[in-house]
Every structure is written in C-alpha cells, then in structure tokens.
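Survey of secondary and tertiary structure
Listed here are the chains, written in short residue letters.
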Amino acid sequence: MEPQEFFNTFIIKQSKKLIENESYIAAIIVLTIGVEVMGGFFDKKPLKSPKQSKARFKTAIEKLFGGKYAALNRDDSIYELLRNQLIHSLTTGGKLHLSIEKPHLSEYNRTIIFNPKTFFEDVNKAYIKLSEMLVLNKAFSKRIPDTSIELAHFI
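As a starting point, this report considers the structure included with it. Quick caveat, the model's predicted, so the values are computed rather than measured. (Residues numbered from 1 in each chain as written. Predicted model: local features only at pLDDT ≥ 70, side-chain atom pairs only at ≥ 80, totals over all residues. Heavy atoms only, no water.)

Quick notes on the packing of helix α1 (residues 3-20) against helix α2 (residues 24-39)
For any two helices packed against each other, the geometry comes down to the angle between their axes and how far apart the axes lie. So the rule is basically this: Only the stretch in contact is used when fitting a helix axis, every axis being a line fitted to C-alpha atoms; angles between N-to-C directions are given from 0 to 180 degrees. We count a stretch as a helix when DSSP gives it H or I for four or more residues in a row; a strand needs E for two or more, and each element gets its number in order from the N terminus. An angle counts as roughly parallel when it lies under 35 degrees, as roughly antiparallel when it exceeds 145, as roughly perpendicular when it falls between 65 and 115, and as oblique in every other case. When the near helix sits turned anticlockwise from the far one by under a right angle, the crossing is termed left-handed; a clockwise turn instead gives a right-handed crossing. Any two residues having at least one pair of non-hydrogen atoms within 4.5 Å are treated as being in contact. Each residue gets one of three labels, nonpolar for Ala, Val, Leu, Ile, Met, Phe, Trp, Tyr, Cys and Pro, charged for Asp, Glu, Lys and Arg, and polar for the others, Gly among them.
Running from amino to carboxyl end, α1 crosses α2 at an angle of 160°, the nearest separation of the two axes being 8 Å. Of the possible angle classes, the one that applies to α1 and α2 is roughly antiparallel. Considering only the axes of α1 and α2, their crossing is left-handed. Side by side, α1 and α2 meet where Phe6, Phe7, Phe10, Ile11, Gln14, Ser15, Leu18 and Ile19 of the first sit next to Tyr24, Ala26, Ala27, Val30, Leu31, Gly34, Val37 and Met38 of the second. Taken together, the residues that form the contact of α1 with α2 break down as 13 nonpolar, three polar and no charged.

Comments concerning α2
Side chains of residues three or four places apart in an α-helix project in the same direction, reflecting 3.6 residues per turn. Formally: Here the expected span of a helix is defined as 1.5 Å times the quantity of residues minus one. Exposure classes here rest on a 1.4 Å probe applied to the protein chains alone. A residue is buried below 20% of its type maximum, exposed above 50%, and partly exposed in between.
Relative to the 22 Å expected for 16 residues at 1.5 Å per residue, α2 spans 23 Å between its end C-alpha atoms, a close match to the ideal helical length. The buried fraction of α2 is high, at 13 of 16 residues.

Considering the pattern of salt bridges
Rules: We define a salt bridge as a side-chain nitrogen of Lys or Arg found within 4 Å of a carboxyl oxygen belonging to Asp or Glu.
Across all of its chains, the model carries four salt bridges by this definition. For Asp43, the salt bridge is made with Lys142, and the minimal N-O distance between the two is 3.0 Å. Taken together, the residues Asp43 in the loop between α2 and α3 (53-65) and Lys142 in the loop between α6 (116-135) and α7 (148-152) connect sequence positions 99 residues apart. Each member of the pair, Asp43 as well as Lys142, is classed as buried. Two residues, Lys54 and Glu80, come together in a salt bridge whose shortest N-O distance is 3.7 Å. On the criterion of sequence distance, the pair formed by Lys54 in helix α3 and Glu80 in helix α5 (residues 77-89) is long-range, its members being 26 residues apart. Residue classification places Glu80 among the partly exposed positions, given a relative accessible area of 32%. Salt bridges linked by common partners bring Asp43, Arg56 and Lys142 together as one network.

Description of the sheet that holds strand β3 (residues 111-114)
The test is simple: What makes two strands pair is DSSP finding at least two bridges between them.
The strand order across the open sheet built from three strands is β1-β3-β2, with neighbouring strands paired in mixed fashion. Each end of this open sheet is capped by a strand with a single partner; those strands are β1 (96-98) and β2 (107-108). Relative to β3, β2 is paired through two bridges, and the arrangement is antiparallel. Each bridged residue has a counterpart across the sheet, and for Tyr108 the counterpart in β3 is Thr111.

So, the pairing of β3
Neither face of β3 is left uncovered, since the one carrying Thr111 and Ile113 and the one carrying Ile112 and Phe114 both have all their residues buried. Both β1 and β3 contribute to a ladder of three bridges, which runs parallel. The partner of Leu98 across the bridge, within β3, is Phe114. What sits between β2 and β3 in their antiparallel hairpin is a turn of two residues, with Asn109 showing a positive phi close to 50°.

Here's the deal with the environment of Glu121
With respect to the secondary-structure elements, Glu121 resides in helix α6. With 109 residues separating them along the chain, Glu121 and Ile12 place their C-alpha atoms 9.4 Å apart.

With respect to α1
Spelled out, the test is: To obtain the bend at a residue, axes are fitted to the seven residues ending there and to the seven starting there, and the angle between these axes is taken.
Over its 18 residues, α1 runs 24 Å from end to end, which matches the ideal 26 Å to within 8%, given 1.5 Å per residue. At Thr9, α1 shows its maximal kink, close to 30°. Listing the buried residues of α1 in full gives Pro3, Phe6, Phe7, Thr9, Phe10, Ile11, Ile12, Ser15 and Ile19. The elements touched by buried residues of α1 are α2, α6 and α7. Positioned one or two residues after α1, Glu22 has a phi angle of 60°, which is positive.

Interpretation in functional terms is not warranted from these geometric data alone.
What follows is the structure, encoded as structure tokens:
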C-alpha cells in the first residue's frame, strides 16, 4: 500500500466517518495519531520506530501545519494535551476544551479550545501538503506493510 493510500484510508476516511457520527473524541485520537504518522515521513527511520512520537509530532506541526499550531506547540503543548493526555488517559488535563461552536485554537481561561471539525480539515490540508512533498521527494516514502490492507475492511 502506498503511503498516500494508507493515510487516506486509515486517517482521513476513518476520522471523517467518526466526525459524521459525532464521535469527536475518537476522531481527535485518530487525527492526532495521523499527525504523528505524517511526521514520520520526514525522517529515515521505519514508521514503527520506538520513541519517535514527540519528535515526529513536532516535525509534522512545523512542516505541515505551521501558524497557530506551531506557535501553540512551541513547548510541545499540543503534543502533551493530545498525544499524552487525551490518547493515554482519555482526559483533557484541564488545559484542553473541546467545542464545536467556539473558534479552533483560541484560548480561554488558560485552556486551548479545540474544534474537532476544524482539526479534521487542517489534518486533511496537511495530508495534501505531505502528498505533494512526497511526489517532489521533499519527504521520505515509507514501506507500509501489506497487512494494513486487511485492517482497512474494519473502517
């Protein structure tokens, strides 16, 4: 499976279904994993390499998202809130507020407002940018195991 097909199937398609079903926490978790996976295309290590999550997340934010994401993640804040708090403990740590109505990445009472629908759109834009970079050899293609195809049926 090609990296673009892999990402489109496992991150974009899956998170879109979750958002359509209003399963916002699950969608944010899939999208957060997607950010980390995208960062993996900027180093020469296999995608499954251990102890790369923070570096890969930061790389993806800087190279593919930029702007407010990069500013808020300067001290790894978004990584800590999403990757460590939400994914590992299913809590927001008191510094993340999920909202469908409030502006994405705005700050209120020392919390970051996170809109899952906007996050989906931003990850999709980053994925398109990564796809272009892969074609231009500005990112490293990775071998995706053929066994991934079996999992695609469960999305």
